[in-house]
Amino acid sequence: MDRSTSIPLLAFASLLVACTADDQRTERGPDITYVMDPHSHARPSEAVITHLELDIRADLEAHRIEGSATYDIRSNGADRIIFDTDGLEIAAVERPDGTPLRHALGDSTFMGRPLTVQLPTGTDRITIRYRTGPDARALQWLSKEQTLGKRHPFLFTQGQAILTRSWIPVQDSPGIRFTYTATVQAPAGTIALMSATNPQEKRADGRYTFRMDQPIPAYLMALAIGDLAFAPLGDRSGVYAEPELLEKAAWEFADTEPMLVAAEELYGPYRWERYDVLVLPPSFPFGGMENPRLTFATPTIIAGDRSLTALIAHEMAHSWSGNLVTNATWNDFWLNEGFTVYFENRICEAIYGPDYARMHHLLGHQDLHRTVEKLNAEGLAADTRLRLDLSGRDPDDGVTDIAYEKGYAFLRLLEEKAGREKFDAFLRGYFEEHAFQSMTTDRFLELLRSELIIPLGIDIDIAEWVDGEGVPADEVVPVSDRFEKVDAERDAWLKGRSAGELATSAWTTQEWLHFLRGLPRDLGAPRMAELDKAFELTGTGNSEILAAWLELGIANDYAPSAARLAEFLTSVGRRKFLVPLYTRLVATEKGRIKAREIYRVARPGYHSVSVRTLDELLAWKEGGTPVDF
């Protein structure tokens, strides 16, 4: 509904506001300088939230959250405050004493609808009573049949980038931070977890309380409810998972505590008290999400050999780069992800050694250049810049290897130029001095020039790296002896050596990925069959290797992998795997037909983040009918 209060709104219409690209400017708000965010309706320079008290009930059968959000507000003398909403039904807005406040919802766009609330003089605390709509994009509702235990339904949220506004009315900008407490009523037999202090056992009454004393942006608000159990991994770390998966998950993530120690040795103390991991059902659209205190992780990283746990290092690194120092807007997304890939690689080097780190770097280098080639072919060369202009577009469009791998490559070059010791000192100071603050690209470049580039006399074309298209020629590309050996084995096989004679017994996931990526796309079904017979690639339990193999299977029309492909696409919701596989399928008419058949079955189990991308790729119309390609 557009309104749910009896107070007339016509006189209040002048308070409605919408963000435009012209609003990307810096303004002074109460006690802090804010950058106007093109993806939020909020005007923090006028009035900004500082603390949230959330009191909600989650109905996992009706697929609804309802309750209240009470905010402490700091005003700069403004007579209004503006929130972001998306599909929410606003039941009431009032003062703590129950006095109604005039409010109105603005027009709907891809950013949702602004909720503008009048603030009479002296109002510094308001309550919004609301319920979520049926299509809340942040919420993934799973029936009990979609879980491992099949005993209870499951709910999880995904807030990044601008989805938290679909389950909480909030100022949904990464540049606005607030603390929060929460009370969540969950169904009997389930446990509720949040990006906050968390219980480790179920409560009989299903009522859970949470506290987050460190200020966070709205996209890091997270909630999960389900049949979950906990296992400790160390003094400060642990893992939650469905009981059937808990033992495997705890074994897989055994290096979590050593990773945390290594991270602290690099860039300073961990500021969030605990680091726990929640293994979600397979429909989770990402590898991981760095929610403070509680990383959300995909079960596809549980390979049985700890070979895919670099993802844990990545999400842990976000505890510094992203959660502690946060991109001010989604145009500055590389400040979160480029730093995190760099930090992740340093953690992995400390735990697994330089050879591992070099292989990890080289795979990222391959991903980066493939992404640049793809974006150029699509006429999106501007999206190969680090500093993006996503005004008028969904910020998810910026979630590519440019932010991650080009950002990493820039920092890796800076390390090479400055020397590791000096670069580490710069980064440690950066995290310490700007903790719990937001950061823009311009501000970071000022710091970089004044604290590193000028004092050390470093010669580097910053403008080419940050605002130029593609990858500059001075990118640092390491040499991997282990990959060179993989190349030699691949070449020998392509020249006639039998697959069974290849020296692969000690290969890691990284070496297998490098081997598969280097094979000709037109390998042919007989040669595919030879590899499959020797190494059982169609039956592998390693999702990274399987996804790379299935791409080859599609390209070569390899029939034995077809059934596994359908099974994989209907059981896994991770966008990293889905998009390349569906893209490969739709390249041929036969594949298009197959893709539509699979997607029709799989789509209800995918998160909205994946659905948005795949609907566009498959030209899927509302109601389940594909249009002509």
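Residues numbered from 1 in each chain as written. Predicted model: local features only at pLDDT ≥ 70, side-chain atom pairs only at ≥ 80, totals over all residues. Heavy atoms only, no water.

Chemist: Tell me about the overall build of the chain, residues and numbers included.
Modeler: Per the secondary structure count, the chain includes 17 helices and 24 strands. In terms of overall dimensions, the chain is globule-like: its C-alpha atoms have a radius of gyration of 25 Å, near the 25 Å expected for 629 residues. Oriented by its inertia axes, the alpha-carbon framework of the chain measures out at about 80 × 60 × 50 Å. Relative to its full complement of 629 residues, the chain shows a buried share of 60%. In the chain, of all internal contacts separated by at least 6 residues, the share reaching a separation of at least 24 is 71%. For the chain, the exposed surface amounts to about 24,200 Å²; the carbon and sulfur share of it is 49%. In the chain, 67 positive and 94 negative side-chain charges are present, and the distance between their average locations comes to 3 Å. (Helix = DSSP H or I, 4+ residues; strand = E, 2+ residues; numbered from the N terminus. Rg over C-alpha atoms; globule rule 2.2 N^0.38 Å. Buried < 20%, exposed > 50% of the residue type's maximum accessible area, 1.4 Å probe, protein only. Contact = heavy atoms within 4.5 Å. Areas by Shrake-Rupley, 256 points an atom, 1.4 Å probe, with all protein chains shown as cover. Lys, Arg positive; Asp, Glu negative; His and termini not counted. Charge placed at Lys NZ, Arg CZ, Asp CG, Glu CD.)

Chemist: I'd like a rundown of unusual backbone geometry, residues and numbers included.
Modeler: Here the amide bond leading from glutamine 160 into alanine 161 is cis, since omega sits at 5°, within 30 degrees of zero. Within the fold, alanine 161 resides in the loop between β11 (154-157) and β12 (177-185). Of note, arginine 306 is a non-glycine position whose phi angle comes to about 60°, a positive value. Among the structural elements, arginine 306 can be located in the loop between β20 (294-297) and α3 (310-317). By relative accessible area, which is 26% here, arginine 306 ends up partly exposed.

Chemist: Please give an account of the packing of aromatic side chains that cites residues and values.
Modeler: Counted under the stated rule, the structure contains 38 aromatic pairs. For the pair phenylalanine 426 and phenylalanine 444, a centre-to-centre distance of 6.2 Å together with 55° between the ring planes defines the contact as tilted. Separated by 18 residues along the polypeptide, phenylalanine 426 in helix α7 (residues 420-433) and phenylalanine 444 in helix α8 (residues 441-456) bring together distant segments of the chain. Looking at phenylalanine 426, the relative accessible area reads 5%, which means it is buried. Consider the rings of tryptophan 507 and phenylalanine 515, whose centres lie 5.4 Å apart with planes at 50°: the pair is tilted. Residue class for tryptophan 507 comes out buried when judged on its relative accessible area of 14%. (Phe/Tyr/Trp six-rings, centres within 6.5 Å; stacked < 30°, edge-to-face > 60°.)

Chemist: So what about the sheet that holds strand β17 (residues 237-241)? Which residues, and what values?
Modeler: Strand pairing within a sheet occurs via backbone hydrogen bonds; the two strands may be parallel or antiparallel. With respect to topology, five strands assemble into an open sheet ordered β16-β17-β18-β20-β19, the strand pairing being mixed. The two strands at the open ends of the sheet, each matched to only one other strand, are β16 (229-232) and β19 (288-289). Here strand β18 (residues 275-279) runs beside β20; their pairing, made up of four bridges, is parallel. Along β20, the bridge assignment pairs leucine 278 with phenylalanine 296. Across the face of the sheet, helix α1 (residues 243-252) comes into contact with β16, β17 and β18 while running at roughly 145° to β17. (Pairing = 2+ DSSP bridges. Axes fitted to C-alpha atoms, helices over the stretch in contact; angles between N-to-C directions.)

Chemist: Residue-level account of the pattern of salt bridges, with values.
Modeler: According to the stated counting rule, one finds 50 salt bridges in the structure shown. A salt bridge links arginine 165 to aspartate 84; its shortest N-O distance comes to 3.7 Å. You can see arginine 165 sitting in the loop between β11 and β12 and its partner aspartate 84 sitting in strand β5 (residues 80-85), a full 81 residues away along the chain. Across the pair, exposure class does not vary: arginine 165 and aspartate 84 are buried alike. Salt-bridge contacts for aspartate 397 lead to arginine 393; the nearest nitrogen and oxygen are separated by 3.5 Å. Overlapping salt bridges bring together Asp86, Arg137, Asp383, Arg393, Asp394, Asp397 and Arg612 as one network. (Salt bridge = Lys/Arg side-chain N within 4 Å of Asp/Glu carboxyl O.)

Chemist: Hey, could you go over the side chain of histidine 361 for me, with residue numbers and the actual values?
Modeler: In this fold, histidine 361 is placed in helix α5 (residues 354-377). Judged by its relative accessible area of 7%, histidine 361 falls in the buried class. A distance of 3.3 Å separates the side chain of histidine 361 from the side chain of tyrosine 408, its partner in a polar contact. Setting aside residues up to four positions removed in sequence, histidine 361 forms contacts with Asn345, Tyr408, Arg412, Val476 and Pro478. (Polar contact = N/O pair within 3.5 Å; in protein donor to acceptor, adjacent residues only side chain to side chain.)

Chemist: Describe the nonpolar core, with residues and values.
Modeler: Of all hydrophobic cores here, the largest spans 149 residues; its most connected members are Leu54, Trp167, Met194 and Phe444. The dominant element in this core, judged by the number of residues it contributes, is helix α6 (residues 401-418), at nine residues. Once you skip the residues sitting within four places of it in the chain, phenylalanine 444 turns out to touch Trp334, Leu335, Phe339, Leu411, Phe426, Tyr430 and Met439. (Core = buried A, V, L, I, M, F, W, Y, C linked by side-chain atoms within 4.5 Å.)

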